[in-house]
Amino acid sequence: MELDISGAKILLRIPTNIPILGDILLTETIVMSWVVMALITGLCIWLTRGLKVEGISKRQAVAEMIVETANHFVVGNMGEKFRHFIPFVAALFATSVVSNLISLTGLRSPTADLSTEAAWAVVVFTIITAQKIKASGVGGYFKGFTQPIPVLTPFNILSELATPISMACRHFGNILSGVVINALLYGALAAASAKLFGLLPGVVGDVLSQIPFLSVGIPAILSVYFDWFSGFMQAFIFCMLTVMYISNASEG
């Protein structure tokens, strides 16, 4: 799909479905998700090589800092009894951060596809539901939809279903908006560069107008927010909502 802005064309890539093994489809999002998982796995293997009790390396110090941060985040927000959720929350955060930041390399971020966040939200919603049933029982869980009065049951069901939808759309919307804004900015600066240098006479103007000089540097400033700050912040918010929802669900 092409977007025309004052003569400049921006190419917005759409995942291409590639059929493999019959009806199974391999999309760009799936491929990039595998790349993200491979990067995280490789990083974990590298950080945990040659662990020692004394005289630890800087690599081990970084690994221990990451583990301690994950421990404090989960236990501090959920309580000691939820310690077994530390690996899940840490993996969710790492996957989200790497997926968000991989766009800096020019590759397509998996989180720019709603199906990625939707899958995460479904997993979290399943855990939330399991915690509610564990705390109140199956009967208590379904009875909760009739509180405080039975007439509100449809609204309570909609509210329950809105949890994964809101989590997925919030994360997806913020990441996709950054991708679109950066694409629009690159296109606008390229068009402005072409117009400005096109004012030069002769061959010099013709040559320089083809080079998007204004696209160098300025987009990198916005990238600090849209890619770095927003990428980390959306991962943090998604994980914070996850631990809060799970913690509240266990209270019955």
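Residues numbered from 1 in each chain as written. Predicted model: local features only at pLDDT ≥ 70, side-chain atom pairs only at ≥ 80, totals over all residues. Heavy atoms only, no water.

A.B. asks: Please explain helix α3 (residues 86-101) as it appears in this structure.
C.D. replies: Because an α-helix packs 3.6 residues into every turn, residues spaced three or four apart end up facing the same way. Taking 1.5 Å of rise per residue, the 16 residues of α3 would be expected to cover 22 Å, and the 22 Å separating its terminal C-alpha atoms lies within 8% of that figure. Taken as a whole, α3 has its buried residues at Ile86, Val89, Leu92, Ser96, Val97, Ser99, Asn100 and Leu101. (Helix = DSSP H or I, 4+ residues; strand = E, 2+ residues; numbered from the N terminus. Expected span 1.5 Å × (residues − 1). Buried < 20%, exposed > 50% of the residue type's maximum accessible area, 1.4 Å probe, protein only.)

A.B. asks: Is there a simple way to explain the nonpolar core in this structure?
C.D. replies: Side chains of a nonpolar character, in soluble globular proteins, are inclined to be buried together. Core analysis: the biggest nonpolar cluster contains 22 residues, and Val74, Met78, Phe85 and Ile246 have the highest contact counts within it. Within the residue set of this core, elements represented by two or more residues are α2 (58-78), α3, α4 (114-143), α5 (153-197) and α7 (218-249). (Core = buried A, V, L, I, M, F, W, Y, C linked by side-chain atoms within 4.5 Å.)

A.B. asks: For this particular structure, what's the right way to read the pattern of salt bridges?
C.D. replies: Oppositely charged side chains can pair when the atoms bearing their charge come close. Taken as a whole, this structure holds 2 salt bridges when the rule is applied. Two residues, Arg83 and Glu80, come together in a salt bridge whose shortest N-O distance is 2.7 Å. (Salt bridge = Lys/Arg side-chain N within 4 Å of Asp/Glu carboxyl O.)

A.B. asks: Would you explain the packing of α3 against α4 in this entry?
C.D. replies: Packed helices, taken two at a time, are described by the angle between their axes plus the distance between the axes. Their axes nearest at 12 Å, the elements α3 and α4 cross at an angle of 165°. By the angle class used here, α3 and α4 are roughly antiparallel. Of the two possible hands of crossing, α3 and α4 adopt the one that is left-handed. Contacts from Phe88, Leu92, Thr95 and Ser96 in α3 reach Trp120, Val123, Val124 and Ile127 in α4. Each residue belonging to the contact of α3 with α4 can be placed in one class, and the counts come to 6 nonpolar, 2 polar and no charged. (Axes fitted to C-alpha atoms, helices over the stretch in contact; angles between N-to-C directions. Parallel < 35°, antiparallel > 145°, perpendicular 65-115°, else oblique. Left-handed = near helix turned anticlockwise from the far one by under 90°. Contact = heavy atoms within 4.5 Å. Nonpolar A, V, L, I, M, F, W, Y, C, P; charged D, E, K, R; others polar.)

A.B. asks: How should I be thinking about the confidence of the model for the protein chain in this particular structure?
C.D. replies: Low-pLDDT portions of the prediction should not be read for the details of their coordinates. Per-residue pLDDT for the protein chain averages 82, and the proportion of residues at 70 or more is 87%. A low-confidence stretch, residues 1-15 (pLDDT under 50), is modelled with 29 contacts involving residues beyond four sequence positions or located in other chains. (pLDDT = per-residue confidence, 0-100.)

A.B. asks: How do you make sense of the side chain of Glu160 when you look at a structure like this?
C.D. replies: Relative to the assigned elements, Glu160 resides in helix α5. For Glu160, a relative accessible area of 11% corresponds to the buried category.

A.B. asks: Mind showing me how you'd approach unusual backbone geometry here?
C.D. replies: Excluding glycine, residues mostly carry a negative phi; peptide bonds, for their part, are mostly trans. A cis amide bond links Gln147 with the next residue in sequence, Pro148, at an omega value of 0°. Within the fold, Pro148 resides in the loop between α4 and α5.

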